[in-house]
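# Coordinate inspection notes
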Amino acid sequence: MRIFLGITGGSGAPYAARLLEALSGAGAEVGLCVSAAALEVIATEIYSDALLSRDETLARFTVGIDGVTAVDDKDWRSPYASGSAKIDAYVVCPCSMGTLGTIASGGSQNLIHRAAAVALKEERKLILCPRETPYSLIHLENMLTLKRAGATILPLSPGFYSGAQTIADLVDFVVARILDQLGVENTLVPRWGESAAEQA
């Protein structure tokens, strides 16, 4: 499975890190595109160092993860910029409200925007994962526009019914939902009506 994973500057870097790890573990081929703002968020939220360089942040983020190819967000020659490339699904996680608005407007200021536009025009799976609260009317209208265009809107909103004990458990809850939407088998959290022992 070939997946495009765009990471933008919304809070929620731990979700992106866990998703990348899970996709790699499932044998997916991942094209990773990280915006400049996202690199700052990753450096802050995961490595607690907002001054970490771009290269060091990306190197730490992908170390030990197989099947990942990092692409620059200005690389318009990337296969993810064209509908002729065979990509199975596209995910933007986290998806900032600025990114959401740009995609909803049909604009393409970087490769993440363009890849999302390609997914919509080719009628391929596109999952957008906003993490914002509260939502303004503009945010909600942009989400509705994108849902009507065929995107899946999957907010980074964990549930608590699975018996989460740690932040990692809450992250896994959301990542499991993303994987389900992609059709990737996973056992990150117990299914509704199943115990952890039954799932194993």
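What this report covers is the structure whose coordinates are included nearby. (Residues numbered from 1 in each chain as written. Predicted model: local features only at pLDDT ≥ 70, side-chain atom pairs only at ≥ 80, totals over all residues. Heavy atoms only, no water.)

## Notes on the nonpolar core
- Core analysis: the largest hydrophobic core is formed by 38 residues, its most contacted members being Val91 and Ile178.
- Looking at this core, the elements with two or more residues in it are strand E1 (2-7), helix H1 (13-25), strand E2 (29-34), helix H2 (36-45), helix H3 (54-62), strand E4 (89-95), strand E5 (125-130) and helix H7 (167-182).
- Sort the elements by how many residues they give to this core and H7 lands first, with 8 residues.
- In this structure, isoleucine 178 is in contact with Leu19, Val91, Cys93, Ile127, Cys129 and Leu154, ignoring residues within four places of it in sequence.
- Counting 25 residues, the second-largest nonpolar core is a separate cluster that includes Leu100, Ile103, Leu111 and Ala151. (Core = buried A, V, L, I, M, F, W, Y, C linked by side-chain atoms within 4.5 Å. Buried < 20%, exposed > 50% of the residue type's maximum accessible area, 1.4 Å probe, protein only. Helix = DSSP H or I, 4+ residues; strand = E, 2+ residues; numbered from the N terminus. Contact = heavy atoms within 4.5 Å.)

## Focus: the packing of H1 against H7
- At a closest axis distance of 9 Å, the pairing of H1 and H7 adopts a crossing angle of 50°. One way to sum up the angle between H1 and H7 is to call them oblique. Seen from above, H1 lies across H7 with right-handed handedness. Touching Pro14, Tyr15, Arg18, Leu19, Ala22 and Leu23 of H1 are Leu170, Val171, Asp172, Val174, Val175, Ile178, Leu179 and Leu182, all from H7. (Axes fitted to C-alpha atoms, helices over the stretch in contact; angles between N-to-C directions. Parallel < 35°, antiparallel > 145°, perpendicular 65-115°, else oblique. Left-handed = near helix turned anticlockwise from the far one by under 90°.)

## A look at the pairing of E1
- Of all 6 residues in E1, 5 are buried, a share of seventy percent or more.
- Handedness of the crossover joining E1 and E2 through H1 is recorded here as right-handed. (Right-handed = clockwise from strand over helix to strand, strands pointing away.)

## A closer look at the sheet that holds strand E3 (residues 68-70)
- Spatial strand order, E3-E2-E1-E4-E5-E6: 6 strands in an open sheet with parallel pairing. What marks the edges here is a single partner per strand, and that holds for E3 and strand E6 (152-153).
- The sheet contact formed by E2 and E3 spans 3 bridges and is parallel. When the sheet's bridge partners are listed, valine 30 is paired in E3 with valine 68.
- Seen against the sheet, H2 touches E1 and E2 and runs at an angle of roughly 95° to E2. (Pairing = 2+ DSSP bridges.)

## Concerning H1
- The first and last C-alpha atoms of H1 sit 18 Å apart over 13 residues, in line with the 18 Å expected at 1.5 Å per residue.
- Looking at H1, one finds that the buried residues are Ala13, Tyr15, Ala16, Leu19, Leu20, Ala22, Leu23 and Ser24.
- Two residues or fewer past H1, glycine 27 is found with a positive phi of approximately 85°. (Expected span 1.5 Å × (residues − 1).)

## Regarding H2
- Along H2, the residues that are buried comprise Ala38, Leu39, Val41, Ile42 and Ala43.
- Residues of H2 that are buried sit in contact with E1, H1, E2 and H3.

## Re the pattern of salt bridges
- A complete count under the given rule lists 8 salt bridges for this structure.
- Here arginine 18 and glutamate 21 are joined by a salt bridge, their closest N and O atoms 2.5 Å apart. In this pair, arginine 18 and glutamate 21 are both assigned in helix H1, 3 residues apart and thus about one turn of the helix distant.
- Take arginine 18: its relative accessible area is 23%, and that puts it in the partly exposed class.
- The residue glutamate 56 makes a salt bridge to arginine 60 at a minimum N-O spacing of 2.9 Å. Placement of both glutamate 56 and arginine 60 in helix H3 is noted, with a separation of 4 residues, approximately one turn of the helix.
- Glutamate 56 gets classed as partly exposed once you look at its relative accessible area, which sits at 33%. (Salt bridge = Lys/Arg side-chain N within 4 Å of Asp/Glu carboxyl O.)

## Some thoughts on the packing of H2 against H3
- Between H2 and H3, the shortest axis-to-axis distance is 10 Å and the interhelical angle comes to 65°. Taken together, the axis directions place H2 and H3 in an arrangement best described as roughly perpendicular. Two packed elements cross with a definite hand, and for H2 against H3 that hand is left-handed. Only Arg54, Thr57, Leu58 and Phe61 of H3 make contact with H2, whose side of the interface consists of Leu39, Ile42 and Ala43.
- Split by residue class, the contact of H2 with H3 holds 5 nonpolar, 1 polar and 1 charged. (Nonpolar A, V, L, I, M, F, W, Y, C, P; charged D, E, K, R; others polar.)

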